[in-house]
Amino acid sequence: MGTPDNQQASLASPTPRNGGGLLSLFNLRPGEVAPVLLAGAMFFCILCGYFFIRPVRDAFGVERGMSTLYSLFVATMVASLALNPVFSWLVGRFDRRVFLPVAYGSIVLMLLGLATWRTSAGNEVASAWSGRIFFVWISVINLFMTGLFWSLMADCFGPDESRRVFPTIAVGGTLGALLGSAGAWAVSGYPFELFGNELFDLKLKLTAPQMMLVAAGFVALAGAASVAMSRIRPRRDPGTAASTRRSAMQEAMDGMRLAVRSRYLLFIASYIALLAVLATFLYFTQNSLVLAAEESESGRVGAFASIDFWTQLATLIVQLLVTARLMRWLGVGWTLALLPGLVLAGYGVLAIGELSAWSTAAMLGAITVIQALFRAGKYAILRPARETLFTVLDRDETYKAKSLIDTFVYRAGDTAGAGVSAALSAVAL
């Protein structure tokens, strides 16, 4: 179903200014402080845990060379499609007060299991398979974790509130991602440097399984925060929860039907898929440069973590100084249009470097800057603006159709981008 005109108007309508002091700085109103702080803390834990092990995932993805990376992207898309019926069924059957803590608790148990498997892998084949499965699993689960979080936020805050509070909530996630990236960089043994000067050398070095255990602790805290959030912010629109038991496939088809029937959701899905294609080109370029520069697993983990760190630092600066004001000045539509232009500019810089035969170190530095700017726009500007679009939807659209878009559609775009990147590499060879 399409979005009514009055709902579209609610997204574009101007927001009245609030009081002075910190409330004015963060564009909040008195009754919103506690739920926004809790939401920010929850997002902090989710992204801190994820970005602490994201470099591990990326290092596992290239440990057998770039040739296996495309197959891992295909496996990720297939896994996303397979999990969507289960997810939709659970959402349709259980209240979020039950479903969210169980979902995050399950992720904790899976992390513990994967850490145990990686530690006990007795040969190279078992180690390789544990790395591949971890890559696919964390790539899928990351989207479900963040998708669940933003679905909860869309369920707790209305359209007017979301335009003001989502950028502030996103800052909590960026702080978590910044700390997680810095922590992964520090414990990897990779030099922690700024402009060629080593800042410090943390004596504590962690293996990949140990890093998974730390991440599990943060996800557990996020699950606890979801329980508290459901208590202080009851469902904004109860909607019509399913009163009869339905199969997983029926629930999944509901999400697909809702997405296909609504031109509004189709435009959102198309935007996300196309942007994922562009992002994957950058990701493959980044991974090939890191693989060429670093021979050891710990070195690759540290290199990926350093890129993530500078990315999240840039994101934090943009969020604090730009995002909320940009959405008010330009509106959601023009804000969403900025990122594709930034990606194209980045491709232009990389093309110049390739034609000018820049060194591997220079290209790695360039991709670090480009990724920092791109992801800063993605996390600080795109994500809050995009999530605002879902606040005008009902409960089924918010959880079921949005889940399909956030996971399968996004990963389909990833896979398409990976396929084109692999094909171009093959042609170049």
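Refer to the preceding data block for the structure.
Residue positions are counted from 1 within each chain, in the order its sequence is given. Owing to the predicted nature of the model, reporting of local features is limited to residues with pLDDT of at least 70; listing and counting of side-chain atom pairs is limited to 80 or more, with chain, interface and lining totals taken over all residues. Heavy atoms throughout the structure, all of them, feed into the side-chain values; hydrogens and water do not.

A. Structural view of the overall build of the protein. In this description a helix means any DSSP run of H or I spanning at least four residues, a strand means any run of E spanning at least two, and both kinds are numbered starting from the N terminus. Along the backbone of the protein there are 13 helices and two strands. Only protein chains enter the accessibility calculation, which uses a 1.4 Å probe; a residue whose area is less than 20% of its type maximum is buried, one above 50% is exposed, and one in between is partly exposed. Buried positions account for 54% of the 429 residues belonging to the protein. Contacts: residue pairs with any heavy atoms within 4.5 Å of one another. A separation threshold of at least 6 residues defines the contact pool for the protein, and within that pool the share at least 24 residues apart is 84%.

B. Quick look at the packing of helix α6 (residues 124-156) against helix α7 (residues 159-187). Relative orientation of the contacting elements α6 and α7 amounts to 145°, with a least axis distance of 11 Å. Note that α6 runs across α7; the crossing there is right-handed. Of α7, the residues touching α6 (which contributes Phe-149, Trp-150, Met-153, Ala-154 and Cys-156) are Glu-161, Phe-166, Ile-169 and Ala-170. Amino acid classes used here: Ala, Val, Leu, Ile, Met, Phe, Trp, Tyr, Cys and Pro are nonpolar; Asp, Glu, Lys and Arg are charged; the rest, including Gly, are polar. Residues that form the contact of α6 with α7 fall into these classes: eight nonpolar, no polar and one charged. Axes here mean lines fitted to C-alpha atoms, for a helix over just the part in contact, with angles spanning 0 to 180 degrees between N-to-C directions. Take the far helix as the reference: if the near one is turned anticlockwise from it by less than a right angle, the crossing is left-handed, and if turned clockwise, right-handed.

C. Region of the structure containing the nonpolar core. By convention a nonpolar core is built from buried Ala, Val, Leu, Ile, Met, Phe, Trp, Tyr and Cys residues, the set being connected through side-chain atoms within 4.5 Å. The biggest cluster of nonpolar side chains holds 60 residues, and the ones touching the most others in it are Tyr-104, Leu-111, Met-153 and Ile-169. Of all the secondary-structure elements, those providing two or more residues to this core are α3 (33-61), α5 (96-120), α6, α7, α8 (208-232) and α11 (297-355). The dominant element in this core, judged by the number of residues it contributes, is α3, at 14 residues. Judged by nonpolar contacts, the second largest core, of 41 residues, contains Val-136, Ala-273, Leu-282 and Phe-284.

D. Structural view of the environment of Thr-68. Within the secondary structure, Thr-68 is located in the loop between α3 and α4 (69-93). The class of Thr-68 is buried, set by a relative accessible area of 19%. Between the C-alpha atoms of Thr-68 and Arg-132, which are 64 residues apart in sequence, the distance is 9.2 Å.

E. Layout of the packing of aromatic side chains. Pairing of aromatic rings covers Phe, Tyr and Trp, the last counted by its six-membered ring, and requires centre-to-centre distances within 6.5 Å; plane angles under 30 degrees mean stacked, over 60 mean edge-to-face, and any other angle means tilted. One pass over the full model with this rule turns up 15 aromatic pairs. Ring geometry for Trp-185 versus Trp-310: centroids 6.2 Å apart, planes at 70°, classification edge-to-face. You can see Trp-185 sitting in helix α7 and its partner Trp-310 sitting in helix α11, a full 125 residues away along the chain. For Trp-185, a relative accessible area of 2% translates into the label buried. By relative accessible area, which is 28% here, Trp-310 ends up partly exposed. Ring centres 6.2 Å apart and planes at 80° place the aromatic pair Phe-281 and Tyr-347 in the edge-to-face group.

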